[in-house]
Amino acid sequence: MYEFTYHRATSLADAKAKMGQGDDPTLMAGGMTLIPTLKQRLAMPSDVIDLGGIADLSGIRMDGDTLVIGAMTKHHSVASSDVVKAFCPALAELAGLIGDPMVRNRGTIGGSVANNDPAADYPSAVLGLGATVVTDTREIAADAFFTGMFETALEEGEIVREFRFPKPKRAAYSKFPNPASRYAIVGVFVAEAADGIRVAVTGAAPCVFRHGGMEAALAGNFSAGALDGLKGDAGAMNSDIHASAEYRAHLVGVMARRAVASIV
Amino acid sequence: MPSVSMTVNGKPVSGEVEGRTLLVQFLREHLGLTGTHVGCDTTQCGACTVHVNGEAVKSCTFLALMAEGAEISTVEGLANGEELHPMQEAFRQNHGLQCGFCTPGMIMSGVALANRNGAPSEHEVREWLEGNLCRCTGYHNIVKSIMAGARAMSGQS
């Protein structure tokens, strides 16, 4: 790691102030991506501002029919929450599939979503459930949030406060994990939401995306059979040592059918 | 250089560290607690597992300064003098190790599981060990050890 100055923010305002002072500061949530990145010298921030000490960024609560999860809430807390399980079991299951127990004790939903790793699990739930990302300055709809590989609509220094999830009628997540890292080679989140069917695909392409063809097919007939013949577009898929683009395209269809079959 | 203070195995400790100093470096190089091992240094193998405020974390992916004010437990803190901790004793009885390199992490991970679930099934132990790699044993005796250790910790024989 290159040397940096470590700061522990005590409040959102403190974090904003510290972001304004360094030459090239960066925010740290759970550190499960940032610390390995620093260790590989893939980043050289002047200052690391740890959000871990800001208690009010963490927590799970209902606000009417809306589930609210604080940005610094750990994966383990979501996976084991009775509130989340009652609201949307698929969301708790997804959190329990991330990494391993030690990673789930540290990693946070806000860190995962703000980083927007193409193979991360949470972006598919945020997009698939049509959640709203609440930051220190505004609210951003999930459909406008994920803009590209490791890119989001967040401005420099903008801090995610919480996620607001509208209640789905039913939802499921099916994931084909990399057996070593547990990142998604392909993960598909299917939800019957208040505004219709949403199918969000992660792992497959440079950025999480909605599969319009599958959504249309499921709107007419919510069954795994309705997805026969549908898959990803191999021309838009990632290809690497773990899986070819053609294989990922195929897996998109398989994971989507498995997700639907698990909830009908 | 910034200073950091924490409690390690019940004793208050402090030291001067860089921002980039990892918790595992602080434990091994500053405090001489070399029971916590560095295997992969990439958050995968779990040999560096310690408890921070009761939760298992990988100390190779945790900055020493993040532990300010925290309660840290390492494998050195488990035994009561000459008397092994029930999880350590279970590893001894069940031959839960061969070369021993991964063992400190396996034991700290096993204790963390037992704290959440006093009677884990074989399947639950195997799922739990996703984050702990062993290159010798094929895991069979580690799984047996953790099941026996968890039962012993919760007062079942």
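Residues numbered from 1 in each chain as written. Chains lettered and ligands numbered in written order. Predicted model: local features only at pLDDT ≥ 70, side-chain atom pairs only at ≥ 80, totals over all residues. Heavy atoms only, no water.

### A look at the overall build of chain A
As a reminder, the rule being used: Note on conventions: DSSP H or I runs of at least 4 residues are helices, E runs of at least 2 residues are strands, and numbering of each starts at the N terminus. Both definitions apply: the radius of gyration is a C-alpha atom measure, and the globule rule equals 2.2 Å times residues to the power 0.38. We call two residues in contact whenever any of their non-hydrogen atoms come within 4.5 Å of each other. With residues, only the protein chains shown are counted as cover, and all accessible areas are computed by Shrake-Rupley using a 1.4 Å probe.
Counting its secondary structure elements, chain A contains eleven helices and 14 strands. In summary, chain A has a C-alpha radius of gyration of 18 Å against a globular reference of 18 Å for 264 residues, a match within 12%. Projected onto its principal axes, the C-alpha coordinates of chain A cover approximately 55 × 45 × 30 Å. Across chain A, the fraction of contacts at a sequence separation of at least 24, relative to all contacts at a separation of at least 6, is 57%. Of the roughly 10,600 Å² of accessible surface on chain A, a fraction of 50% belongs to carbon and sulfur atoms.

### Concerning the overall build of chain B
Definition in use: To sort residues, take the accessible area from a 1.4 Å probe on protein chains only and compare it with the maximum for the residue type: under 20% means buried, over 50% means exposed, and anything in between is partly exposed. His is not counted, nor are the chain ends; Lys and Arg add positive charge and Asp and Glu add negative charge. In this description, the location of a charge corresponds to atom NZ of lysine, CZ of arginine, CG of aspartate or CD of glutamate.
The number of helices and strands found in chain B is five helices and five strands. In sequence order, the secondary structure elements of chain B are arranged as β-β-α-β-β-β-α-α-α-α. C-alpha extents for chain B along the principal axes are approximately 50 × 30 × 25 Å. For chain B, the residues scored as buried account for 51% of the 157 residues in total. The long-range share in chain B, meaning contacts at least 24 apart out of those at least 6 apart in sequence, stands at 57%. As displayed, chain B has an accessible area near 7,000 Å², and 47% of this comes from carbon and sulfur atoms. Mean positive and mean negative side-chain charge positions of chain B (10 and 15 charges, respectively) differ by 8 Å.

### Structural notes on the nonpolar core
The condition that has to hold: The criterion is simple. A nonpolar core is a set of buried Ala, Val, Leu, Ile, Met, Phe, Trp, Tyr and Cys residues joined through side-chain atoms within 4.5 Å. As used throughout, domain bounds are those supplied by an automatic or database domain assignment.
Of all hydrophobic cores here, the largest spans 39 residues; its most connected members are Leu91(A), Tyr122(A), Val126(A), Phe165(A) and Phe189(A). Top contributing element to this core by residue count: helix H5 (residues 89–96) of chain A, with five residues. Lining this core are residues from two domains, each supplying at least three of them: domain 2 (56–165) and domain 3 (170–261) of chain A. Other than its neighbours up to four places away in sequence, Leu91(A) contacts Leu67(A), Ile69(A), Val78(A), Val84(A), Tyr122(A), Ala125(A), Leu129(A) and Phe165(A). Core analysis: the second largest hydrophobic core is formed by 32 residues, Tyr6(A), Val13(B), Leu22(B) and Val57(B) among them.

### Section: the environment of Met149(A)
With respect to the secondary-structure elements, Met149(A) resides in the loop between strand S8 (146–148) and strand S9 (151–152). Dropping the residues within four chain positions of it, Met149(A) is found in contact with Asn116(A), Pro118(A), Pro206(A) and Cys207(A).

### Describing the side chain of Thr73(A)
All names here are of chain A. By the secondary structure assignment, Thr73 is in the loop between strand S5 (66–70) and helix H3 (75–79). Owing to a relative accessible area of 1%, Thr73 belongs among the buried residues under this scheme. Those residues within four positions of Thr73 in sequence are excluded, and the remaining contacts are Leu57, Ser58, Gly59, Ile60, Val78, Gly107, Thr108 and Ile109.

### Some details on the side chain of Lys175(A)
All names here are of chain A. Spelled out, the test is: Polar contact is defined as a pair of N or O atoms within 3.5 Å, subject to the rule that within protein one atom must be able to donate a hydrogen and the other to accept it, and that residues adjacent in sequence are counted only when both atoms are side-chain atoms.
By the secondary structure assignment, Lys175 is in strand S11 (residues 170–177). Looking at Lys175, the relative accessible area reads 12%, which means it is buried. Engagement of the side chain of Lys175 in a polar contact is seen with the side chain of Asp121, the distance being 3.1 Å. In terms of polar contacts, Lys175 uses its side chain to reach the backbone carbonyl oxygen of Arg182, at 2.6 Å.

### Overview of the interface of chain A and chain B
By a widespread convention, an interface's size corresponds to the accessible area lost as its parts come together. To keep it simple, the criterion reads: Two parts placed together each lose some accessible area; with a 1.4 Å probe, that loss summed over both constitutes the buried area. Any Lys or Arg side-chain nitrogen located within 4 Å of an Asp or Glu carboxyl oxygen qualifies as a salt bridge.
Chain A puts 24 residues into the contact, and the matching count from chain B is 24 residues. With both sides pooled, the region where chain A packs onto chain B buries about 2,100 Å², and carbon together with sulfur makes up 61% of that total. Looking only at chain A, the three residues that lose the most surface to chain B are Tyr6(A), Lys39(A) and Met102(A), adding up to 27% of its buried area. Inspection of the chain A/chain B interface yields five salt bridges. Between Glu130(B) and Arg182(A) there is a salt bridge whose closest N-O contact spans 3.8 Å. For the interface between chain A and chain B, the tally reads ten residue pairs in polar contact (both at pLDDT 80 or more).

### Section: the domain arrangement of chain A
All names here are of chain A. Threshold: For this classification, Asp, Glu, Lys and Arg are treated as charged, while Ala, Val, Leu, Ile, Met, Phe, Trp, Tyr, Cys and Pro are nonpolar and the rest, including Gly, are polar.
Partitioning chain A into domains gives domain 1 (5–50), domain 2 (56–165) and domain 3 (170–261). The interface of domain 1 with domain 2 comprises nine residues on the first partner and 13 residues on the second. Buried area between domain 1 and domain 2, summed over both chains or domains, comes out near 950 Å², and the portion from carbon and sulfur atoms is 73%. Looking at the side of domain 1 facing domain 2, the largest losses of area belong to Leu12, Lys16 and Met32, adding up to 52% of the total buried there. Among the salt bridges present, the one from Asp136 reaches Lys16, with a minimum N-O distance of 2.6 Å. Summed over the shared surface of domain 1 and domain 2, the result is two residue pairs in polar contact (both at pLDDT 80 or more). Examining the composition of the side of domain 1 that touches domain 2, we find that four residues originate from one element, helix H1 (residues 12–19), more than from any other. The class makeup of the residues in the side of domain 1 that touches domain 2 is six nonpolar, two polar and one charged.

### Comments concerning the sheet that holds S11(A)
All names here are of chain A. We count it as follows: Here a strand pair is declared whenever DSSP counts at least two bridges between the two strands. Whenever a helix is involved, its axis is fitted only over the stretch in contact; in every case the axis is a line through C-alpha atoms, and angles between N-to-C directions fall within 0 to 180 degrees.
Taken in spatial order, the four strands make up an open sheet running S11-S12-S13-S14, and their pairing is antiparallel. Because the sheet does not close on itself, it has two edges, and the strands there are S11 and strand S14 (209–210). Relative to S14, strand S13 (residues 196–202) runs antiparallel, the two being bridged by two bridges. Of the residues in S14, the one forming a bridge with Ala200 is Arg210. Across the sheet, H5 lies against S11 and strand S12 (184–193), angled at about 20 degrees from S11, the strand it touches most. Packing of helix H11 (residues 245–261) onto the sheet brings it into contact with S11, S12 and S13, and relative to S12 it is tilted by some 40 degrees.

### Thoughts on the pattern of salt bridges
All chains considered together, the criterion is met by 22 salt bridges over all chains. With a shortest N-O distance of 2.9 Å, Arg116(B) and Glu55(B) are connected by a salt bridge. One end of the pair, Arg116(B), is in helix H3 (residues 103–116); the other, Glu55(B), is in strand S4 (residues 55–58), and 61 residues separate them in sequence. Judged by relative accessible area, Arg116(B) falls into the partly exposed class, the value being 37%. Sharing partners across several salt bridges, the network here consists of Asp143(A), Asp195(A), Arg198(A), Arg210(A) and Glu215(A).

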